[in-house]
Amino acid sequence: MFETLLTQPLYNGFIYLIGIMPGGEVGLAIIVLTIIVRVVFYPFFTASIRTQMGMQAAQGELDHINKQYKDNPTERAKQTMGLFKKYNVRPFAGFLALLVQIPIFIALYIAFFHESLPSIDTELLYSFVQAPSVVNVNFFGILDLLAPHNILLALLVGLSQYAVTHFSFARNKPHANMSPEKQSVHHMQRKMMLYFLPALIGVISYTLPSAVGLYFLTGNLFSLGQEWLIRRQMLEKLAQ
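The rules behind each value
- Residues numbered from 1 in each chain as written.
- Predicted model: local features only at pLDDT ≥ 70, side-chain atom pairs only at ≥ 80, totals over all residues.
- Heavy atoms only, no water.
- Helix = DSSP H or I, 4+ residues; strand = E, 2+ residues; numbered from the N terminus.
- Buried < 20%, exposed > 50% of the residue type's maximum accessible area, 1.4 Å probe, protein only.
- Contact = heavy atoms within 4.5 Å.
- Areas by Shrake-Rupley, 256 points an atom, 1.4 Å probe, with all protein chains shown as cover.
- Expected span 1.5 Å × (residues − 1).
- Bend = angle between axes of the 7 residues up to and from the residue.
- Core = buried A, V, L, I, M, F, W, Y, C linked by side-chain atoms within 4.5 Å.
- Arc of directions from axis to C-beta.
- Polar contact = N/O pair within 3.5 Å; in protein donor to acceptor, adjacent residues only side chain to side chain.
- Patch = residues over 30% accessible without salt bridge, like charges linked within 9 Å, V, L, I, M, F, W, Y side chains within 5 Å.
- Salt bridge = Lys/Arg side-chain N within 4 Å of Asp/Glu carboxyl O.

### What to know about the overall build of the protein
Right, so step 1: Within the protein one finds eight helices and two strands.
Right, so step 2: Counting from the amino terminus, helix and strand elements in the protein follow one another as α-α-α-α-α-β-β-α-α-α.
Right, so step 3: Relative to its full complement of 240 residues, the protein shows a buried share of 39%.
Right, so step 4: Residue pairs at least 24 apart in sequence account for 77% of intrachain contacts in the protein once pairs closer than 6 positions are excluded.
Right, so step 5: Accessible surface, the protein as shown: approximately 14100 Å² in total, 66% of it carbon and sulfur.

So, in C-alpha cells, the structure goes:
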C-alpha cells in the first residue's frame, strides 16, 4: 500500500519531470518535484509554523490566564481555547507536520535513489508515463548527482539547515517565568541542536549521493521563504 499510495506516484512524477526537463536534467527534476511536494503539503507546514509563532505571541496572556484561573480549570480551559483561536494556534499542528514528513521523505528517497538512476524501472511506470530517452545525472555539467562526498554542497546544506533551525528556535523562546536552572538547561539544549542538527544533515549530505544534498538544500530554501512569508502575514494581521 505504501508503494501504491506514495512511492509509485512520486516515482512516476519524478520520471515524468525528467522527461520534460531540458536535456533530461535530473537535478532540475529533483528541485521541481521537491517544490511541488512542499507546495502540496504547504498547509501542514504553515499550520505548524503559525502555531509556534502564535504560542510565542500568546505566552504572556497564557501565563496570566493560568494564574487568574488556577483554581477554575473549566474557565481556564475556556479562556485558553479562546486565546488559541485569537492567535490561530492549533495544538496538534506540529505533530501533523512531522507525521506528514516521515512517509514523504521515505517515499522520495525510494523514488529518487532506490531505483538506480539513470536506469528506469518501467514496471513502476503508469501507462501514460513514458521513460525519457535521456537521463542526465550531471547537474548542468558541474555536479554528479550520483557521486557522494561533495564538500561544497554539504556546506551549503549545513548552512541552510542552520538558518532553518535558527528561525525555528526563534519561535520557541523560553518562558519568562522559567527558573534560572531550567533556562540554563533549555539554552544548552537549544545551542546543541542549533549546531548538531545542521552538522548531522551536512554529514548525511556529504556521505550520500549529491542528489540527497540537492533535495535537502531545495527543501531548506523553500522553508526559509515560507518562514519569511508567514512572518510577514502574521505581523500584518497583528498590526490590524
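### A look at helix α1 (residues 2–20)
Right, so step 1: With 19 residues, α1 extends 26 Å from end C-alpha to end C-alpha; this agrees with the ideal 27 Å at 1.5 Å per step.
Right, so step 2: At Q8, α1 shows its maximal bend, which comes to roughly 30°, and the proline P9 appears one to four places after that position.
Right, so step 3: Within α1, burial applies to T7, Q8, L10, Y11, N12, F14, I15, L17 and I18.

### Some remarks on the nonpolar core
Right, so step 1: Judged by nonpolar contacts, the single largest core of 32 residues is most densely connected at F14, I18, V26, I30 and L145.
Right, so step 2: Those elements that provide at least two residues to this core are α1, α2 (26–40), α5 (93–114), α6 (151–170) and α8 (210–239).
Right, so step 3: For I18, the residues in contact, after removing those within four places along its chain, are G24, V26, A29, P132, V134 and V135.

### Structural notes on helix α4 (residues 73–86)
Right, so step 1: Its 14 residues place the ends of α4 20 Å apart at the C-alpha level, agreeing with the 20 Å of an ideal helix rising 1.5 Å per residue.
Right, so step 2: Buried within α4 we find T80, L83 and F84. One side of α4 carries all its buried residues, which in axial view fall inside an arc of 100°. Exposed residues pointing more than 90 degrees away from the buried face of α4 are listed as T74, K78, M81, K85 and K86.

### Quick word on the side chain of R38
Right, so step 1: Along the polypeptide, R38 turns up in helix α2.
Right, so step 2: A distance of 3.3 Å separates a polar side-chain atom of R38 from the backbone oxygen of G219.
Right, so step 3: Ignoring anything within four residues of it in the chain, the contact list for R38 reads F45, G219, F222 and S223.

### A short note on a nonpolar patch on the surface
Right, so step 1: Together, F2, I102, F105, I106 and Y109 make up an exposed nonpolar region whose accessible area comes to about 430 Å².
Right, so step 2: Ranked by residues supplied to the nonpolar patch, first place goes to α5 with four residues.
Right, so step 3: Here Y109 is to be found in helix α5.

### Some points on the environment of F140
Right, so step 1: Locating F140 in the fold gives a position in the loop between β1 (138–139) and β2 (143–144).
Right, so step 2: Taking the C-alpha atoms as reference points, F140 and L28, 112 residues apart in sequence, are found 9.1 Å from one another.
Right, so step 3: For F140, the residues in contact, after removing those within four places along its chain, are E25 and L28.

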